Amino acid sequence: MDYRASDVEKKWQAFWRVKETFKAHDYSEKPKFYALDMFPYPSGAGLHVGHPLGYIASDIVARYKRHKGFNVLHPMGYDSFGLPAEQYAIQTGQHPAETTRKNIKRYRQQLDQIGFSFDWSREVRTSDPNYYRWTQWIFLQLFDSWYDESAQQAKPIEELILHFQRYGTQDLHASCGSEFQFTPEEWDGFDDAARENILQNYRLAYRTESTVNWCPALGTVLANDEVKDGLSERGGHPVVQKKMMQWSMRITAYAERLLQGLDQIDWPESLKEAQRNWIGRSAGASVHFQLQNHPDQIEVFTTRPDTIFGVSFMVLAPEHPLVAEITTAEQASAVKAYQEQAARKTERDRLADVKTVSGAFTGAYALHPFTGEEIPVWIGDYVLASYGTGAVMAVPAHDSRDWAFAGHFDLPRPEVIEGGNIKQEAYEAKEGKVINSDFLNGLEVQEAIPRAITQIEEKGLGQGKINYRLRDAIFGRQRYWGEPIPIYYVNGLPRRVKEEHLPLELPEVSAYLPTEDGEPPLARATVWNYHPEKGVVANGEGYPLETTTMPGWAGSSWYDLRYMDPGNPDQFVSPKATEYWKDVDLYIGGSEHATGHLLYTRFWHKFFVDRGYTSAEEPFKKLINQGMITGTSAFVHRNEKGVMVSADLRKDHKTTKIHADVSLVNASDELDVEGFKAWRDDLSQAEFLNHEGRFLVSREVEKMSKSKYNVVNPDDIIVEYGADTLRMYEMFLGPLEQSKPWNTAGITGVHNFLKKLWRLFHQGGNWNLTDEEPTEKELKILHTLIKKLNEDIEAYSFNTSVSAFMIAVNDLLYAKCTKQAVLEKLPVLISPFAPHIAEELWGKMGHVESIAYEPYPVHEEKYLVESKHKYPISFNGKMRFTYELPLDLAKAEVEETVLSLEKTQHYLEGKSPKKVIVVPGKIVNIVI
RNA sequence: GCGGGUGUGGUGGAAUUGGUAGACACGCUAGAUUUAGGAUCUAGUGCCGCGAGGCGUGAAGGUUCGAGUCCUUUCACCCGCACCA
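Each residue is numbered by its place in its chain's sequence as written, counting from 1. Whichever chain is written first becomes A and whichever ligand is written first becomes 1, with later ones labelled in order. Given that this is a predicted model, residues contribute local features only at a pLDDT of at least 70 and side-chain atom pairs are listed and counted only at 80 or more, while totals for whole chains, interfaces and linings are drawn from all residues. Just so you know, side-chain values use all the structure's heavy atoms and leave hydrogens and water out.

## Observations concerning the sheet that holds strand β23 (residues 586-589)
Now for step 1: Each pair of strands is called paired provided DSSP finds at least two bridges between the two strands. Think of it this way: any DSSP run of H or I at least four residues long counts as a helix, any run of E at least two long counts as a strand, and we number them from the N terminus. Strand order in the open sheet formed by four strands is β2-β1-β23-β24, and the pairing between neighbours is parallel. Strands with a single pairing partner mark the edges of an open sheet, and in this sheet they are β2 (71-73) and β24 (623-625). Within the sheet, the average angular offset between the axes of one strand and its neighbour, ignoring direction, is 15 degrees.
Now for step 2: For strand β1 (residues 32-37) and β2, the ladder comprises three bridges, and the chain directions are parallel. Here, axes are lines fitted to C-alpha atoms. For helices the fit covers the stretch in contact, and angles between N-to-C directions go from 0 to 180 degrees.

What follows is the structure in structure tokens.
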């Protein structure tokens, strides 16, 4: 009786669906376990074998935890807003919702075939109005909140207004765009517009004129994490800097907590490091330099206040607001020219041009806060407007960028820290004695820093300060296919849409492109006004609604919470649900989300806690990055005459290589020549040069992608081998976190294993289990396996568990074991990995319930104890032979026995041993 | 430049606190069985050598009775950040 995967798997998938086997219980006496995958964007291409890797791993853990008595939440859904559906809509006119629906259907079919134990009753789709109504609701909560830095907590905006009414800005410590100062009386006197403009400065979701990454090709603004090397992450289009009025999120308020929280979560070190880097905390001081003959001061941030006596000039960013005010008449044209030149540069040019020093002198001077010396003020594009205060105090002797700038413009480089050769390069190390620095002289750098800060504070020149590289996140996108922002405008002032009018559904538009005058697609909608009583109304009957939409990360920043309580019509998630499910115990997904999704999600969760909606600040306790599965591309070689040359003959020819579709190549690298000719029109007449009738291709490992014709579809694998084989093979490929090439050839090994497992229960041709007592040996095989599996699954080492199964099944087959007492444990053991065959064997053993909740076996140590050990006998550390001895033999007896062996005498070559090392139960080493 | 990671057979990869390097699987070789097979079974397979034996975990040193594992130096590749004051 052969094992037929396709029949068995369909049957059990239907069984699970009908019986709702994997439905998580909202409230349970059992302990909870929440296993989550990063939900996919449903693209038109469908899944390839790389995508399910992480899903299989989390499914194994989810199923294992069910066997271990946990109430498991293992949901799946779709991150279904996004660019591809919209671009497809632009090309074809098909509504993105329609494309998305189709793609989701296909994804669901593919996922179902793999036999995941998802609780589909909890599915979420970010583009579903019932879901994004709550994304919009969250936006309103952020809009209605400010960040109290004294309490380190977000609070309702009403409290801030109350503070303004009572105290003005006195004693206010709030995260804000710029510092305001006013009295309660002044606040009273402000009109609505003035008040709202002030509040915008404090709201966590706010509008501001900011420099944004504008991508003309995509027609939208991009967040910093969506730009790589000056190009858009999606599509690789150029990105330029542009000033625009934009919705933003005040994530910077949470910089410190986002940093601190990293110490409490079990994430890959590289990922935490990426977030630390992105947040970019640096401690130092903010110092004010008084301008000469000018009322203003220049504020700088420095991490090296100990070098303040080494300042010989200052540099402002070209965009710095003071530049226009302080530039002298003589320098005006040079400064203006430089500013224009800097503005013209794209982000990419600027990055590519790091080495070139450029700048211009403003003609103005600042006064040194301690010495009163005149310090020339320059502008230069190495100073970034977006970091710190957009101005630096230049210490050319101890900062390499300042050093280069000074060299280029022939400015002095006074040395203030001993230890380097500042003629050759800047001495940047934070060690050495301070010199030429008045009250700091003689101190070590580490002593001088706090001393300098104290002195700066005492003289009222500034204060110690922590600076962060993290920028507020731009939230608006000039796109159609995203969540509408629930804001309308009264005389240009933003007002919140009432909660009763949510969801604010996407309007119909005539086209998905921006308008002629560059407005976002939503500006094309004819029913896109808001009436505070009636909700959305036709244009002209109410106030204009916001036309930008939310970015991709909005919906994905809280989906983990919605799974806990997916149908709730009254709340985004109920306190009762979060109290039970708390947080995600295991989150698996790609490392590319390090500074995007994973950071924003942490931000929103901290906000939810602040406002009392949830209790867990960190959404993902444990996170694993699954490695990428790369493709094994196939290449056909073509010589100068256009003849195709078999790979084994290509040394004799000058050839170029062309990609061949991997489906045209078998496991032995032989090309299906007829198939290849039919594959592309231009190849139909091709000639082929080979010998012995085998035409070979060469192989190379590349990223799996359509354009490289190396995509392997899980559906094809399942048709040929079944889902259980696919699941186990993906795990068998190697450690989960490592990236590794897919090679379909190796899959037969895993498939054979499953067939062997099946055969183990059908020895002699039919179902064959006996009641005999198991032997010691058989029990040892079984319990070795049980022990290994429990350890491996807890350690997420799934590749080694597959090996352990193979060893056990090989051994049991060799021992011709047919004993029920041993074999009946195997289906449960393998159920997390190969659930279909497990259910089938379990059913054949006479069970009617699913195997999914059977207790997972636990090994008994007594079956593993050994009485003997095969000692490796080595000489000078080199193993020569093994010899079996009882384990209870004393050290001296072992030594004596081993030395008396004939073989030992042979290797001693007549010499007497200098020393004999005996490690009981391990080894014997004889030193000659 | 800074930070993180990885280097083991023809291939994917195994190796408790330092204790038999190469488990398991692919591929390959030979044989059995079969009408045939990409099915099944048996034996072999790190490299060099007829053999005894020697050499072997990117490279070079070191610690140790003993090193893939610990230490120092170094090379290669991958990923992230990058004028962050």
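Having seen it, we continue.
## Digging into unusual backbone geometry
For residues that are not glycine, phi is negative in most cases, and the peptide bond is trans in most cases.
Now for step 1: A cis geometry characterises the amide bond from L502 onward to P503, with omega recorded as -5 degrees.
Now for step 2: One non-glycine residue, N293, lies in positive phi territory at about 55 degrees.
Now for step 3: Within the secondary structure, N293 is located in the loop between β10 (281-291) and β11 (297-302).
Now for step 4: Accessibility expressed as a relative area gives 76% for N293, which makes it exposed. For every residue, the accessible area obtained with a 1.4 Å probe (protein chains only) is divided by the maximum for its type, and the residue is called buried under 20%, exposed over 50%, and partly exposed between those limits.

## Some points on the sheet that holds strand β21 (residues 535-537)
Now for step 1: Spatially, the three strands line up as an open sheet ordered β21-β20-β22, and their pairing is antiparallel. Lying at the two open borders of the sheet, with one neighbouring strand each, are β21 and β22 (543-544).
Now for step 2: In this structure, strand β20 (residues 529-531) lies alongside β21, joined through three bridges in antiparallel fashion. For H531, the partnering residue across the bridge sits in β21 and is G535.

## Brief notes about the environment of A253
Now for step 1: With respect to the helices and strands, A253 occurs in the loop between β9 (240-249) and α9 (255-261).
Now for step 2: As a C-alpha pair, A253 and L204 span 49 residues in sequence and 8.4 Å in three-dimensional space.
Now for step 3: Should any heavy atoms of two residues lie within 4.5 Å, those residues are considered in contact. Dropping the residues within four chain positions of it, A253 is found in contact with Y147 and S175.

## Quick notes on the layout of surface pockets
Now for step 1: A volume near 480 Å³ is recorded for the second largest pocket.
Now for step 2: In this analysis, the protein atoms alone were mapped onto a 1 Å grid. Cavities are point sets where a 1.4 Å probe fits without being able to get out; pockets are open sets with protein on both sides within 12 Å along at least five of seven lines; lining residues have an atom within 4 Å of a point. Lining the second largest pocket we find 23 residues, and of these V662, S663, V665, V712 and T744 sit closest to its centre.
Now for step 3: Counting residues per element, the ones that place at least two in the lining of the second largest pocket are β25 (629-639), α21 (714-721) and α23 (747-761).
Now for step 4: It is α21 that contributes the most residues to the lining of the second largest pocket, four residues altogether.
Now for step 5: Think of it as three bins: nonpolar holds Ala, Val, Leu, Ile, Met, Phe, Trp, Tyr, Cys and Pro, charged holds Asp, Glu, Lys and Arg, and polar takes everything else, Gly as well. Taken together, the residues that form the lining of the second largest pocket break down as 10 nonpolar, nine polar and four charged.
Now for step 6: Two domains each provide a minimum of three residues to the lining of the second largest pocket, namely domain 4 (629-702) and domain 5 (718-850). Grid points are joined across faces, edges and corners, and a volume is the space filled by probe spheres set on the points. Reported domain spans reflect what an automatic or database domain assignment gives.

## Examining the protein's contact with RNA strand B
Now for step 1: One heavy atom suffices: a residue is near a molecule or strand as soon as one of its heavy atoms comes within 4 Å of it. If you check the shell around RNA strand B, you find 52 residues, and the closest are T303, Y387, R401, R469 and K922.
Now for step 2: Sugar and phosphate atoms represent 65% of those atoms of RNA strand B found within 4 Å of the protein.
Now for step 3: For the purposes of these results, a polar contact is taken to be a pair of N or O atoms within 3.5 Å, where, inside protein, one atom must be able to donate a hydrogen and its partner to accept one; residues adjacent in sequence count only when each atom of the pair is a side-chain atom. With respect to RNA strand B, the backbone of L384 contributes an N or O atom lying 2.9 Å from a base nitrogen.
Now for step 4: The contact in question runs from a base nitrogen of RNA strand B to an N or O atom on the side chain of E720, over 3.0 Å.
Now for step 5: Contributions of two or more residues to the surface near RNA strand B are made by α10 (269-279), β11, α23, α25 (798-814), β31 (868-875), β32 (878-886), β33 (915-919) and β34 (923-927).
Now for step 6: Residues that form the surface near RNA strand B fall into these classes: 21 nonpolar, 17 polar and 14 charged.

## Topic: helix α2 (residues 52-67)
For an α-helix, the turn length of 3.6 residues means that residues three or four places apart are oriented alike.
Now for step 1: With 16 residues, α2 ought to run about 22 Å at 1.5 Å a step, and its terminal C-alpha atoms sit 22 Å apart, in line with that.
Now for step 2: Burial runs high along α2: 16 of the 16 residues are buried. Each residue after the first adds 1.5 Å to the expected span of a helix.

## Structural notes on the pattern of salt bridges
Now for step 1: By definition here, a salt bridge exists when the distance from a side-chain nitrogen of Lys or Arg to a carboxyl oxygen of Asp or Glu is within 4 Å. Under the defined criterion, the tally for this structure stands at 40 salt bridges.
Now for step 2: Residue D610 is joined to R257 by a salt bridge in which the shortest nitrogen-to-oxygen separation is 2.8 Å. On the criterion of sequence distance, the pair formed by D610 in helix α19 (residues 597-610) and R257 in helix α9 is long-range, its members being 353 residues apart.
Now for step 3: Look at D610 and you get buried, because its relative accessible area is 10%.
Now for step 4: R257 sits in the buried class, given a relative accessible area of 13%.
Now for step 5: For K622, the salt bridge goes to D266, with nearest N and O atoms at 3.3 Å. Of the two residues, K622 is situated in the loop between α19 and β24 and D266 in the loop between α9 and α10; the sequence distance between them amounts to 356 residues.
Now for step 6: Judged by its relative accessible area of 19%, K622 falls in the buried class.

## Re empty space enclosed by the protein
Now for step 1: Here the structure, examined in full by the defined rule, presents one cavity of 30 Å³ or more.
Now for step 2: Counted as a void, the largest cavity has a volume near 40 Å³.
Now for step 3: Surrounding the largest cavity, K23, A24, H25, K30, R66, F70, N71, V72 and Y853 form its lining.
Now for step 4: Grouping the constituent residues of the lining of the largest cavity by class yields four nonpolar, two polar and three charged.

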